[in-house]
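One letter stands for each residue in the lines below.
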Amino acid sequence: MLIIDKLIEKSKKLRAPVCVGLDPTVDLLPDHIISANGGNVPAAFLEFNINIIDAVYDIVPAVKPQIAFYEQYGAEGFEVYTKTVAYAKSRGLIVIADVKRGDIGSTATAYAEGRLAADGADFATVNPYLGKDSLKPFIDVCKRDNKGIFVLVATSNPGGADLQKLELVNGLKLYEHVGNMVSEIGGDLMGNYGYSSVCAVVGATKPEEAINLRRQLPSVFFLIPGYGAQGGTAADVAVCFDAQGAGGIVNSSRGIIGAWKKTDKPEDYAQAARAAAVAMVKDLREYIGGL
């Protein structure tokens, strides 16, 4: 079974196209966890992540650790990243490595072998700015190891429009052109549900672009960041899905792992994360048909 089919089936079984972003920061960790780990922030991150994973693994299909939050702490931080990936996999979760790599030739091959193959993630996010040949090493790993990629197409940050909405000589916007490229190169990795393992990142804060891309790219699965803390709503993301409730997975990071900050019980951070994930699932079910 292709990894995209596995992701869709888990989402359908749980009726929850939700991905929890594991983007820990010192501000998002309760003080007692850092103290219990002797002030060692990477160690505190690992404890925090394990408890968050244990709280949500049975209600969501996937998690998305953003590697930058770990790499800033050097080798020890990177070790926490790989342990987080491994632990999430051991709990049956699909792991999307948010690494946004992109380069040419042997460098792209090294990134694909490292961040997609060796680290054990199921998917990785990639930057397409260097063109098709920069994506080929990732696609080769996808074919060999049954992995997937999410290519940046219409990102959730406001500044994305600086480039992504530029109009080309053929009348297409740049993001539309990139979307067409993603659809084209994903043809050899088409799954049973009509979606390819070569997928796209389409921000929840870009509903106009999402409508255009869903109409333009019926076989491209979307990773949808920007829900919640960044302002995206369930109504915004609903346009990314088909009538069967498939076609995308919605990410929330701070809104779930930082949910404890809205309570007066920091020691119950994992339970707060679970409650936030449950509320997100309920919200999405009200707007996305077929769930």
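Remember, predicted model here, so these are calculated numbers, not experimental data.

Engineer: It is not clear to me how empty space enclosed by the protein should be interpreted in this structure. Could you clarify?
Structural biologist: To find leftover empty space, one rolls a probe the size of a water molecule over the atoms. Per the stated rule, a full pass over the model turns up one cavity of 30 Å³ or more. In this structure, the largest cavity encloses a volume near 60 Å³. If you go around the largest cavity, the residues you meet are Ile8, Ser11, Lys12, Pro17, Phe221, Gly245, Ala246, Gly247, Gly248 and Leu291. Along the lines of polarity and charge, the residues of the lining of the largest cavity split into five nonpolar, four polar and one charged.

Engineer: Looking at this structure, how should I read the side chain of Ser252?
Structural biologist: Note that Ser252 resides in strand β8 (residues 248-252). Under the relative-accessibility criterion, Ser252 is labelled buried at 4%.

Engineer: Looking at this structure, how should I read helix α13 (residues 269-287)?
Structural biologist: In an α-helix there are 3.6 residues to a turn, and that puts residues three or four apart on one side. Look at α13: 28 Å from first C-alpha to last across 19 residues, which is about the 27 Å you get at 1.5 Å a residue. Listed as buried for α13 are Tyr269, Ala270, Ala272, Ala273, Ala276, Ala277, Met280, Val281 and Leu284. For α13, the secondary structure elements touched by its buried residues are β1 (18-22), α2 (31-36), α3 (41-56), α11 (234-238), β8 and α12 (254-257).

Cut-offs and rules
- Residues numbered from 1 in each chain as written.
- Predicted model: local features only at pLDDT ≥ 70, side-chain atom pairs only at ≥ 80, totals over all residues.
- Heavy atoms only, no water.
- 1 Å grid on protein atoms, 1.4 Å probe; cavity = no way out; pocket = protein on both sides within 12 Å on 5 of 7 lines; lining within 4 Å.
- Points joined across faces, edges and corners; volume = space filled by probe spheres on them.
- Nonpolar A, V, L, I, M, F, W, Y, C, P; charged D, E, K, R; others polar.
- Helix = DSSP H or I, 4+ residues; strand = E, 2+ residues; numbered from the N terminus.
- Buried < 20%, exposed > 50% of the residue type's maximum accessible area, 1.4 Å probe, protein only.
- Expected span 1.5 Å × (residues − 1).
- Contact = heavy atoms within 4.5 Å.

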